[in-house]
Amino acid sequence: MIGIFDSGLGGLSALKEVRRLLPSEDIIYFGDTGRVPYGTRSRDTIIKYSLQDMNFLASKGVDAVLVACGTASSNALATLREKYPNIPIIGVIDAGVRAAAKATKNKIIGIAGTPSTIGSGAFEKGLHAVNPDFKTVSAACPLFVPLVENGFVSADDEITRLAAKTHLAPIIEAHADTLILGCTHYPIIAPTIAKVIPDATLINVGAAAAEELRAVMDNGISTLRLGRVQYFVSDEPQGFERIASIFLGEEITDKVTRIDIERY
């Protein structure tokens, strides 16, 4: 059984990829909707929240975990792995780095992320470790997560287009040919981002992490399951159900359970 957690809805983009790649695996998804966003929190708070999220998934007996949150991956992954050495934990940072390194032609790579992820420098460090000649241009995008969480996801939403144009201006000016979508919320507005920076290859870090998770599961962890998905959130389920149904292409009404994450 696979566990996936994110600060809210963004991790559903990774969940969708995991289901495509591993259709027979049971999945538990936790979205910390009561405390979203993580990207503007302090590092200590992010680690605390991530540990509680991981504790909840571990209590369900998961075999592996995908941290479908760029902020948690960049700030808390080492702590999670230290506490749970026997559970494979896949983050989106390393997966995104490897995908971007393969995609770039001009060696100019843009990184869009939450303020905390950009502040950590995790993507930049990873890319320069792969190739010191890479030029990285980073942009904190604090408006993207609230826009997604509030349903401003249509390619025709002018407010989202303006936010993307403003946030990504340094990356556009640098002529990056590759853009890492460093938060799993961002692929949900990828059509809008693609309009603003049409010549760049967009790297979906959740999809890249899902590929790496499949390799882990194929390496002796996977067992025959029923392909069931259970959804848990830390706030009222209704808003999550409505938007999640749009992104997943199926109704999940009455399939979402609210939990008290502070207990974990």
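For clarity, every value in this text was computed on a predicted model and none was experimentally measured.

Rules and cut-offs
Residues numbered from 1 in each chain as written. Predicted model: local features only at pLDDT ≥ 70, side-chain atom pairs only at ≥ 80, totals over all residues. Heavy atoms only, no water. Helix = DSSP H or I, 4+ residues; strand = E, 2+ residues; numbered from the N terminus. Rg over C-alpha atoms; globule rule 2.2 N^0.38 Å. Buried < 20%, exposed > 50% of the residue type's maximum accessible area, 1.4 Å probe, protein only. Contact = heavy atoms within 4.5 Å. Core = buried A, V, L, I, M, F, W, Y, C linked by side-chain atoms within 4.5 Å. Pairing = 2+ DSSP bridges. Axes fitted to C-alpha atoms, helices over the stretch in contact; angles between N-to-C directions. Polar contact = N/O pair within 3.5 Å; in protein donor to acceptor, adjacent residues only side chain to side chain. Phe/Tyr/Trp six-rings, centres within 6.5 Å; stacked < 30°, edge-to-face > 60°. Lys NZ or Arg CZ within 6 Å of the ring centre and 35° of its normal.

**Q** Break down the overall build of the chain for me, citing the residues and quoting the values.
**A** Counting secondary structure elements, the chain contains 12 helices and 10 strands. In terms of overall dimensions, the chain is globule-like: its C-alpha atoms have a radius of gyration of 17 Å, near the 18 Å expected for 264 residues. A principal-axis box enclosing the C-alpha atoms of the chain has dimensions of 45 × 35 × 35 Å. Each of the 264 residues in the chain was classed as buried or not, and the buried ones make up 58%. Relative to all contacts within the chain whose residues are 6 or more apart in sequence, the contacts with residues 24 or more apart total 75%.

**Q** Tell me about the nonpolar core, residues and numbers included.
**A** Grouped together as the largest cluster of nonpolar side chains are 73 residues, with contacts concentrated most on Y231 and F240. By residue number, the principal contributor to this core is helix α4 (residues 92-103), which donates seven residues. If sequence neighbours within four positions are ignored, F240 has contacts with G8, L9, L12, Y29, T33, Y231, V233, I252 and V256. If you look at the next biggest cluster of nonpolar residues, it comprises 25 residues, including Y38, Y49, L51 and A72.

**Q** Got a sec to walk through the sheet that holds strand β9 (residues 229-233)? Specific residues and values, please.
**A** Taking strand neighbours across the sheet as the criterion, the six strands line up as β4-β3-β1-β2-β9-β10 in an open arrangement whose pairing is parallel. Two strands close off the open sheet at either side, each with one partner strand: β4 (89-91) and β10 (256-258). On average, adjacent strands in this sheet sit at an angle of 20° to one another, irrespective of strand direction. Pairing analysis gives five bridges linking strand β1 (residues 2-6) to strand β2 (residues 27-31), with the strands arranged parallel.

**Q** Describe the environment of P88, naming the residues involved and giving the relevant values.
**A** Mapped onto the elements, P88 comes out in the loop between α3 (70-83) and β4. In sequence terms P88 and I221 are 133 residues apart; their C-alpha atoms lie 9.6 Å from each other. Setting aside its immediate chain neighbours within four residues, P88 contacts D63, A64, V65, V216 and I221.

**Q** Which residues make up the sheet that holds strand β8 (residues 201-204), and what values go with them?
**A** Strand order in the open sheet formed by four strands is β6-β5-β7-β8, with parallel pairing between adjacent strands. Of all the strands in the sheet, the pair left with one neighbour each is β6 (135-140) and β8. Each adjacent strand pair in this sheet contributes to an overall mean axis angle of 20°, direction not counted. Sheet topology note: the strand β7 (residues 178-181)/β8 ladder contains four bridges and is parallel. Paired with L179 across the two strands is L202, which belongs to β8.

**Q** Quick one: what's the story with the environment of L77, residue by residue and with numbers?
**A** Structurally, the position occupied by L77 is in helix α3. In sequence terms L77 and G91 are 14 residues apart; their C-alpha atoms lie 6.9 Å from each other.

**Q** Mind laying out the side chain of E17, listing which residues take part and the relevant values?
**A** Along the chain, E17 falls in helix α1 (residues 12-21). At 2.8 Å, the side chain of E17 forms a polar contact with the side chain of R20. For E17, the contacting residues outside a window of four places in its chain are A207 and A210.

**Q** So what about the packing of aromatic side chains? Which residues, and what values?
**A** In this structure the tally under the stated criterion is eight aromatic pairs. Between the aromatic rings of F30 and F56, the centroid separation amounts to 5.6 Å while the plane-to-plane angle is 55°, which identifies the pairing as tilted. Note that F30 is positioned in strand β2 and F56 in helix α2 (residues 43-59), a separation of 26 residues in sequence. Given a relative accessible area of 0%, F30 falls into the buried group. By relative accessible area, F56 is classed as buried at 1%. Here the aromatic rings of F56 and Y264 are separated by 5.3 Å at their centres, their planes lie at 80°, and the arrangement is edge-to-face. Of the two residues, F56 is situated in helix α2 and Y264 in the segment after β10; the sequence distance between them amounts to 208 residues. An aromatic cluster of at least three residues, connected via ring pairs, comprises F30, F56, F232 and Y264. When the ring centre of Y49 is taken as origin, the NZ or CZ atom of R35, which lies over that ring, is 3.7 Å away.

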